[in-house]
There are 2 protein chains.
Amino acid sequence: MSDQTTCRRDARPRRLILAGAHRQPGYCLTCGIRAQSICSVIDDDDIARLAETAVETLALPGRTFIEEGAPATDFYNITSGSVKLFKALPDGRRQITGFATTGHFLGLAVSDQYAFGAEAIDTVRLCRFSRPRMRQLMDDFPRLERRLLAEASNELVAAQNQMLLLGRKTARERVASFLLERMREARDPAEDVPLPMTRSDMADYLGLTIETVSRTLSWMRTERLIAIGKGHTVRITAMERLEALAAGES
Amino acid sequence: MSDQTTCRRDARPRRLILAGAHRQPGYCLTCGIRAQSICSVIDDDDIARLAETAVETLALPGRTFIEEGAPATDFYNITSGSVKLFKALPDGRRQITGFATTGHFLGLAVSDQYAFGAEAIDTVRLCRFSRPRMRQLMDDFPRLERRLLAEASNELVAAQNQMLLLGRKTARERVASFLLERMREARDPAEDVPLPMTRSDMADYLGLTIETVSRTLSWMRTERLIAIGKGHTVRITAMERLEALAAGES
DNA sequence: AAAAGACATTGATTCAGATCAATTCAGCCC
DNA sequence: GGGCTGAATTGATCTGAATCAATGTCTTTT
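Because the structure is a prediction, the values reported are computed rather than measured.

A.B. asks: Could you give an account of the overall build of chain A, with specific residues and numbers?
C.D. replies: Within chain A one finds seven helices and eleven strands. In chain A, which comprises 250 residues, the proportion classed as buried is 50%. For chain A, the accessible surface area stands at approximately 11500 Å², while carbon and sulfur atoms represent 49% of it.

Shown next as structure tokens:
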């Protein structure tokens, strides 16, 4: 009976992915707790009521599943994979406003249009809700609303950090900040930081060009701050100095 | 008896400013509706319960009432006046992440430290809550939580726009975007845009220097896009061209 | 294994905006 | 009105990152 108070459920064709579907790590939709954890607000009755509210979809790498400016009809929860969020100018200039991974919510707009686009980096599993359904869910599960507020607050803090980076940091400081952010994001055992995105994505995230990103990474290598590994990874070899650089202390 | 369902209340020494205190326009704390409007979730009993939850404070121009990195003990609602929010680097470089005016909430942090500083531009009237009190309020009034989520969503959209501006727009595009934003913010009858902040604030908001801001405004004047008025105002004389410039179409 | 294409690095040059440096202007307070 | 002070403008020069241009290095395909 312990499963009755657990968020984890197996996959079925059309269902609400509460968490941990496909045996991958995930977050409870209503409380934000990791997949295997107990989630007291959800029981079998709740799950039966919710079963038909969401559609599971798959987005292949490179697929833009949210178009900037399009009518904001749906709301998404990322079940696995990672996504880049961006805004663009008419002449093609692009700013990546953030990366989102497993457990993140997308499409929370007050406006009736999406304010940003979203594109799959690798293969992404998504849980899609209609907007009225989402409203219903928030009414039925107040903890969901609290969870969304917490996530929005965190994103706001991240956005403010990014504004400081884009408005006032040098190229070296930007790249250092980015590497440390990636490290914290992907809490691997070692200090090997995975960089699954291209140089172009890094540049569009940091407000630089691909050449400057590349040059800066090379400079960091010659300065023995990092070691550039095989297959889009970087090892930080002088954490203290990199942190000082990212914080703008040099 | 119609006052029982109205948010508007007169001022008392220590009280929750629900809205419209001091006969100034304001917003209902729980529903976000303007001062004079009906707010069905608040009645006299609620008001009695809430009466002692907040402290009204005054911040004089230039006063920093939230210190970046300080323990996040309080939560604020701006009752009147305008505020600049900012982050700084150790060497003094500064990024203004936004301006907040009447009705806005500040200090909504998941972390236990403030992620940004806040300084009064003019004289600011504030309604201050302790964090536990705020949590209590959110439990008692679910609409407050919804209101905060809506505000956070809007701020997130604004933050994404600002990231695009800081990462990818030219100085001219930045200043044009800023003027239009100010115009929309202060929906005056005429096209006279008030700019109460200094050139230094504008520069720190747009990721530029004061010289570049000044030069760009002068250029816009010679190009007959704007007319610079007396006492920190600007009149937009070529809306279409300015909008095209802000959108990056030239 | 070779070819093709995308992605990444490195070099040379340019330029938008920063920095340094005077003025000029707008409030203020006697 | 006449200094006084901080803010704003304007000019001259410099520089960090962009742009232009090869070259090099992975991946995928066949």
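Right, picking up where we left off after that structure.
A.B. asks: Give a detailed account of the packing of helix α5 (residues 199-206) of chain B against helix α6 (residues 210-222) of chain B, specifying residues and quantitative values.
C.D. replies: Residue and element names in this part refer to chain B. Two elements in contact, α5 and α6, have axes separated by 8 Å at closest approach and are oriented at 100°. One way to sum up the angle between α5 and α6 is to call them roughly perpendicular. Along its contact with α5, which presents R199, S200, M202 and A203, the element α6 presents I210, V213 and L217. Across the contact of α5 with α6, the residue classes tally to five nonpolar, one polar and one charged.

A.B. asks: Quick rundown of the side chain of Q162(B)? Include the residues and the values.
C.D. replies: By the secondary structure assignment, Q162(B) is in helix α3 (residues 142-168). In this structure, Q162(B) is in contact with M163(A), E181(B) and Y205(B), ignoring residues within four places of it in sequence.

A.B. asks: Explain the relation of the copies chain B and chain A residue by residue, including any values.
C.D. replies: Superposition of the two copies of the chain requires a rotation about an axis and a shift along the axis. Relative to chain A, chain B is turned by 180° and slid 0.0 Å along the rotation axis, the superposed coordinates differing by an RMSD of 0.1 Å. Both chain copies can therefore be described as sitting about a two-fold axis. Comparing interface residues between copies, 100% of those in chain B also sit at the interface in chain A, which points to an isologous, same-surface contact.

A.B. asks: Can you explain the side chain of R174(A)? Please cite residues and give values.
C.D. replies: Residue and element names in this part refer to chain A. Along the chain, the position of R174 falls in helix α4 (residues 171-185). Although R174 lies buried, it forms no salt bridge, and the closest oppositely charged side chain, E173, sits 7.0 Å away as judged by the N-O distance. A distance of 3.5 Å separates the side chain of R174 from the backbone oxygen of L165, its partner in a polar contact. In terms of polar contacts, R174 uses its side chain to reach the backbone carbonyl oxygen of L166, at 3.1 Å.

Reading the values: rules and limits
Residues numbered from 1 in each chain as written. Chains lettered and ligands numbered in written order. Predicted model: local features only at pLDDT ≥ 70, side-chain atom pairs only at ≥ 80, totals over all residues. Heavy atoms only, no water. Helix = DSSP H or I, 4+ residues; strand = E, 2+ residues; numbered from the N terminus. Buried < 20%, exposed > 50% of the residue type's maximum accessible area, 1.4 Å probe, protein only. Areas by Shrake-Rupley, 256 points an atom, 1.4 Å probe, with all protein chains shown as cover. Axes fitted to C-alpha atoms, helices over the stretch in contact; angles between N-to-C directions. Parallel < 35°, antiparallel > 145°, perpendicular 65-115°, else oblique. Contact = heavy atoms within 4.5 Å. Nonpolar A, V, L, I, M, F, W, Y, C, P; charged D, E, K, R; others polar. Least-squares fit on C-alpha atoms with pLDDT ≥ 70 in both. Lys, Arg positive; Asp, Glu negative; His and termini not counted. Salt bridge = Lys/Arg side-chain N within 4 Å of Asp/Glu carboxyl O. Polar contact = N/O pair within 3.5 Å; in protein donor to acceptor, adjacent residues only side chain to side chain.

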